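# Examination of the molecular architecture
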Amino acid sequence: MFSQSKKTIKRSRNQLLLIFGALALSYSALAADIPNSSPESVGVSSARLDRLSHSMQRYIDSNQLAGTVSLVSRRGKVIHFESHGYKSKETGETMSDDTIFFIMSMTKPIVSTALMMLYEEGHFLLTDPIADWIPELEGKEVVIENEFGTYRAPTKRPISFRHVLSHTSGLDPSRDALNDDEIMLLPRTDNLEETIIKRAPLPLAFHPGDSWQYGSSTDYVALLVERISGKTLKDYLQENIFDPLDMRDTFYTVPDEKRDRVASVYSPSGPGQTIELSRTKEYSERPFFGENYYGGTAGLFSTASDYWRFSQMLLNGGELNGARLLSPKTVSLMISNHSGDGDVYIRGPGYTFGLGFGVVSDAGKARDPLTPGTFSWGGAWGTIFWVDPIEEMIGIMMTQITSYRHLSVRQELGVTAMQSIIDSNGPLLGYPILD
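Anyway, here's the lowdown on the structure attached to this text. Owing to the predicted nature of the structure, the values given are computational and were not obtained by experimental measurement.

Scanning the protein from N- to C-terminus turns up eleven helices and 16 strands. The globule rule puts the C-alpha radius of gyration for 435 residues at 22 Å, and the 23 Å found for the protein is close to it. Expressed along its principal axes, the backbone C-alpha trace of the protein runs to roughly 90 × 60 × 50 Å. When each of the 435 residues of the protein is scored for burial, the buried share is 53%. Long-range contacts, defined as pairs at least 24 residues apart, comprise 68% of the intrachain contacts of the protein with a sequence gap of at least 6. Split by element, the accessible area of the protein, about 18,900 Å² in all, is 52% carbon and sulfur. A distance of 7 Å separates the average location of the 41 positive side-chain charges in the protein from that of its 53 negative side-chain charges.

Rendered as structure tokens:
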């Protein structure tokens, strides 16, 4: 019996060693994929950068967030990559650097990049009507409101590629402007193309280009990628973005063998807006919006390291580790102001919108303490990324909470990263206002 017991103990110990060995290899591979350096080597103070760690931990200690993964890089080197708290509080699984998150609207910059890659191939001009590729959208009308009520009229101009990329398309009319039959066209089906074609008879909220409206425009970007490339969106992204950039953990459906790495989702529904469990990792088994719905507005899962690869590619002017996706001129075009004076209300004052990104234009108004010209976007479940071309810095923060408006955690990523710079690339001057 004693001999049998010793064999059992030895077998269990060997199994544990194999498990820990596999984990160690996984994490070492993750670290090896990312170019690391000390903060001081790229003009950043380690002591000051530590304030980011304390900031993340405060939200976890106060039960406002379950856990976070934060990443900061400068001049192409990752100088901060930390996980705090829990992937699942209920099971006691701690957060890890390779945790997979549902990034919601951080899908939009990736899908917009895909369409701009097709733009570079000469398939269209930004001023071309999208009806050239989606003829079902021909003949759109717009809702006009005046002191006598509302009526509908032909649009002054067709919806262009620029309009859908910059959220100035008007494609999301108010329900109050629709009749009962039209309201029935709004719900999604299980398929992106079917959903968009079903909604084709709906009027526009305004003349294309006249205003800025956050909504479904990037789903139209997604359909354009499919029709121009002749591939499904998920296949096009895999072959032309994820594989070239070595983004191994970005997908619409998390594979079975990676599901244990998915973070649970929480909501601030507890006392004092503390968190309570909303979804467990099992929700990642299928596309979020439907079995065959691979959309542009949201839908991707990813990790901090994968999104860093995408961000660094943009900061490098469209290239990473020898894989070129875009020209530097196209990246510059994408981070220019394409929204005019439209209010980018989802980010607040001080922002304009490019082709897939919000862009800081006025530091005197923006809530985010970032250099003008910084481009960024976030997800509805708390994730955020930004890229500062002047300071050559990237910031990424991943967490999962269904509503975050009562928190400042996303802004604190910017505060703690910016204040850690002790050797700035820019002059010591007040920031200009960008048009």
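Moving on from the coordinates now.
Structurally, T374 can be placed in the loop between β13 (358-360) and β14 (375-378). For T374, a relative accessible area of 0% gives the class buried. A polar side-chain atom of T374 sits 2.7 Å from the main-chain carbonyl oxygen of T371. Sequence-distant contacts of T374, that is, excluding residues within four places in its chain, are made with G358, V359, V360, W386, V387, D388 and P389.

Moving on, we get to the pattern of salt bridges. Under the counting rule described, the total for this entry stands at 19 salt bridges. In this structure, E136 and R227 form a salt bridge, with 3.0 Å as the shortest nitrogen-oxygen distance. A residue pair is termed long-range when its members are at least 10 positions apart, and E136 in the loop between α3 (107-120) and β5 (141-146) and R227 in helix α7 (residues 217-229) qualify at 91 residues. Since its relative accessible area comes to 35%, E136 is described here as partly exposed. Its salt-bridge partner being E193, residue R227 comes within 2.6 Å of it at the nearest N-O pair. Residue R227 is found in helix α7, and its partner E193 is found in helix α6 (residues 192-198); the two are separated by 34 residues along the sequence. Overall, E193 belongs to the partly exposed group, its relative accessible area being 33%. A cluster of three or more residues bridged by salt bridges with shared partners is formed by D98, D249, K258 and R261.

This paragraph deals with the sheet that holds strand β16 (residues 393-398). Across the sheet, eight strands lie side by side as β3-β2-β1-β16-β15-β14-β13-β12; this open sheet has antiparallel pairing. Two strands in the sheet have a free side with no partner beyond their single neighbour: β3 (93-94) and β12 (351-353). In this structure, strand β1 (residues 67-74) lies alongside β16, joined through six bridges in antiparallel fashion. Bridged to V72 within β16 is G395. Sheet strands in contact with helix α2 (residues 46-61) are β1, β2 (77-88) and β16, and its direction is about 10° off that of β2. Strands β1, β2, β14, β15 (384-388) and β16 of the sheet are contacted by helix α9 (residues 304-315), whose axis makes an angle of about 155° with β16.

With that settled, the discussion passes to α3. Taking 1.5 Å of rise per residue, the 14 residues of α3 would be expected to cover 20 Å, and the 20 Å separating its terminal C-alpha atoms lies within 8% of that figure. Of all 14 residues in α3, twelve are buried; the element is thus mostly enclosed. Along α3, the positions that sit buried rather than exposed are T107, K108, P109, I110, V111, S112, T113, A114, L115, M116, M117 and L118. In the stretch just after α3, G122 is the one whose phi turns positive, near 90°.

Next up on the list: the environment of T155. Position of T155 relative to the elements: it lies in the loop between β6 (149-154) and α4 (161-166). Of the residues examined, T155 reaches a relative accessible area of 22% and is grouped as partly exposed. Aside from chain neighbours lying at most four places away, what touches T155 is K140, E141, V142, L204, H207 and P208.

What follows concerns the pairing of β5. Across six bridges, β5 lies against β6 in antiparallel orientation. Its bridge partner being in β6, E141 is matched across the sheet by P154. Between β5 and β6, which follow one another and run antiparallel, lie two residues.

A word on the packing of aromatic side chains. For the structure shown, the criterion picks out 22 aromatic pairs. Between the aromatic rings of Y119 and F124, the centroid separation amounts to 5.8 Å while the plane-to-plane angle is 50°, which identifies the pairing as tilted. Looking at Y119, the relative accessible area reads 23%, which means it is partly exposed. Between F288 and W381, the aromatic rings sit 5.5 Å apart at their centres with planes inclined by 90°, giving edge-to-face as the arrangement. On the criterion of sequence distance, the pair formed by F288 in the loop between β8 (276-279) and β9 (301-302) and W381 in the loop between β14 and β15 is long-range, its members being 93 residues apart. For F288, a relative accessible area of 26% gives the class partly exposed. In textbook terms, an aromatic cluster arises when at least three aromatic residues are bridged by ring pairs, as seen for F102, Y283, F288, F289, Y293, F301 and W381. The ring of Y283 carries R279 above its face, with NZ or CZ at 5.9 Å from the centroid.

What counts, and at which threshold
- Residues numbered from 1 in each chain as written.
- Predicted model: local features only at pLDDT ≥ 70, side-chain atom pairs only at ≥ 80, totals over all residues.
- Heavy atoms only, no water.
- Helix = DSSP H or I, 4+ residues; strand = E, 2+ residues; numbered from the N terminus.
- Rg over C-alpha atoms; globule rule 2.2 N^0.38 Å.
- Buried < 20%, exposed > 50% of the residue type's maximum accessible area, 1.4 Å probe, protein only.
- Contact = heavy atoms within 4.5 Å.
- Areas by Shrake-Rupley, 256 points an atom, 1.4 Å probe, with all protein chains shown as cover.
- Lys, Arg positive; Asp, Glu negative; His and termini not counted.
- Charge placed at Lys NZ, Arg CZ, Asp CG, Glu CD.
- Polar contact = N/O pair within 3.5 Å; in protein donor to acceptor, adjacent residues only side chain to side chain.
- Salt bridge = Lys/Arg side-chain N within 4 Å of Asp/Glu carboxyl O.
- Pairing = 2+ DSSP bridges.
- Axes fitted to C-alpha atoms, helices over the stretch in contact; angles between N-to-C directions.
- Expected span 1.5 Å × (residues − 1).
- Phe/Tyr/Trp six-rings, centres within 6.5 Å; stacked < 30°, edge-to-face > 60°.
- Lys NZ or Arg CZ within 6 Å of the ring centre and 35° of its normal.

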